[in-house]
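# Tertiary structure, described
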Amino acid sequence: MSDSYLTLLPEKMETRDLHGYLLGAVGPRPIAFASTVDRDGNPNLAPFSFFNVFSANPPILIFSPARRVRDNTAKHTLENVLETREVVINVVSHAMVQQMSLASTEYDRGVNEFEKAGFTMLPSEVVRPFRVGESPVQIECEVTKVEPLGEAGGAGNLIFSKVVRLHIDKAVLTETNTLDPVKLDLVARMGGNWYSRSIQGLFEVPKPLTEKGIGVDLIPEAIRRSAVLTGNDLGMLGNFKRLPSPGEITDFLAGHPEFQALLSASDERQIHTQARAFLQNNDVESAWKILLAKPA
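Quick look at the structure, then. Just so it is clear, the model here is predicted, and its values are computed rather than measured.

### Some thoughts on the pairing of strand S9 (residues 137-148)
Bridge count between strand S6 (residues 86-90) and S9: 5 bridges; the pairing is antiparallel. Its bridge partner being in S9, Glu86 is matched across the sheet by Glu142. Note that S9 and strand S10 (residues 157-168) share 11 bridges and pair antiparallel. Residue Glu142 lies in a different strand from S10, and its bridge partner there is Lys162.

### Some thoughts on the environment of Asn42
When you line up the elements, Asn42 lands in the loop between strand S2 (32-37) and strand S3 (43-48). Residue Asn42 is classed as partly exposed on the basis of its relative accessible area, which comes to 36%. Considered as a pair, Asn42 and Thr105 are 63 residues apart in the sequence and their alpha carbons are 17 Å apart. Discounting chain neighbours no more than four positions away, the residues touching Asn42 are Thr36 and Val37.

### Here's the deal with the pairing of strand S5 (residues 59-63)
Burial runs high along S5: 4 of the 5 residues are buried. Taken together, strand S4 (residues 51-56) and the strand that follows it, S5, pair antiparallel across an intervening segment of 2 residues.

### A few points about the environment of Gly118
Its place among the elements puts Gly118 in the loop between helix H4 (113-117) and strand S7 (121-122). Looking at Gly118, the relative accessible area reads 31%, which means it is partly exposed. Here the alpha-carbon distance between Gly118 and Leu218, two residues 100 residues apart in the chain, equals 9.7 Å. Dropping the residues within four chain positions of it, Gly118 is found in contact with Gln99, Glu134 and Val216.

### Digging into the environment of Ala277
Inspection of the secondary structure assignment puts Ala277 in helix H10 (residues 268-280). For the pair formed by Ala277 and Ala287, sequence separation is 10 residues and the distance between their alpha carbons is 8.0 Å.

### Some remarks on the nonpolar core
In this structure, Ile219, Leu237, Trp288 and Ile290 are the most contacted members of the largest nonpolar core, which totals 27 residues. Among the secondary structure elements, those contributing two or more residues to this core are helix H7 (231-238), helix H8 (246-255), helix H9 (260-264), H10 and helix H11 (284-292). Per-element tally for this core: the top contributor is H11, with 5 residues. Counting 22 residues, the second-largest nonpolar core is a separate cluster that includes Phe51, Val137, Ile139 and Val163.

Rules used in this analysis
Residues numbered from 1 in each chain as written. Predicted model: local features only at pLDDT ≥ 70, side-chain atom pairs only at ≥ 80, totals over all residues. Heavy atoms only, no water. Pairing = 2+ DSSP bridges. Helix = DSSP H or I, 4+ residues; strand = E, 2+ residues; numbered from the N terminus. Buried < 20%, exposed > 50% of the residue type's maximum accessible area, 1.4 Å probe, protein only. Contact = heavy atoms within 4.5 Å. Core = buried A, V, L, I, M, F, W, Y, C linked by side-chain atoms within 4.5 Å.

Taken by themselves, the reported measurements are silent on function.
Here you go:
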């Protein structure tokens, strides 16, 4: 055996370690942003990167929610699919990746991830789950089969999804009604925090907090309706676990006297532009502080 290879035996590894190697090696993986409802019609939204298209006749997509490694419980998406046999698979463009990441937070059953992540709920034509309005391609599916691959934590569950409707945003089409990959601007998963943008390459999105973020729904309306901040910006703000206190904001402004004139002018656009600059440097805390600051 060559010393130039690290050779691993799956049966002698912890599942979480094997999971990390597999996800790091097999990529980029397309993302199924799966919308489901339970038997009472309560919506759920979650991304899965064990996903692809496997047939055109019949048109079949397959994605696989794995059982949680830490406690061997099933995800809400799987539970809902078993109850209703329906799903909408939404593709993920770069413009919505931060919101998609926020939706992957394991909120309690009954919490609406559309609201938490700030997505638009569009009614479907054939199935009950809602479509994601921000997704450039939304695919309504009827579930024909669910194939469990095991019973232990980390085991996948193949969900065979027959396509019954496709909804394509005309903005991502060419003049001949084919999909333009540049306009589509899809993202895919790699290992760890890494993603791949189809038109650019690698970038990072930190995993959502273990402690649940406040969600886009709890962002003050004036910020949520900003003409400057994007969906990705709101997704980052919504992944913050708590709003800064008045004392923390006061200390921040004391260290940044250059912002006093900006706040005194009450120029919302400029304040939001400064907040966006902080977000582009992954400084979410400072973005919140400038957004919530009041003039002296």
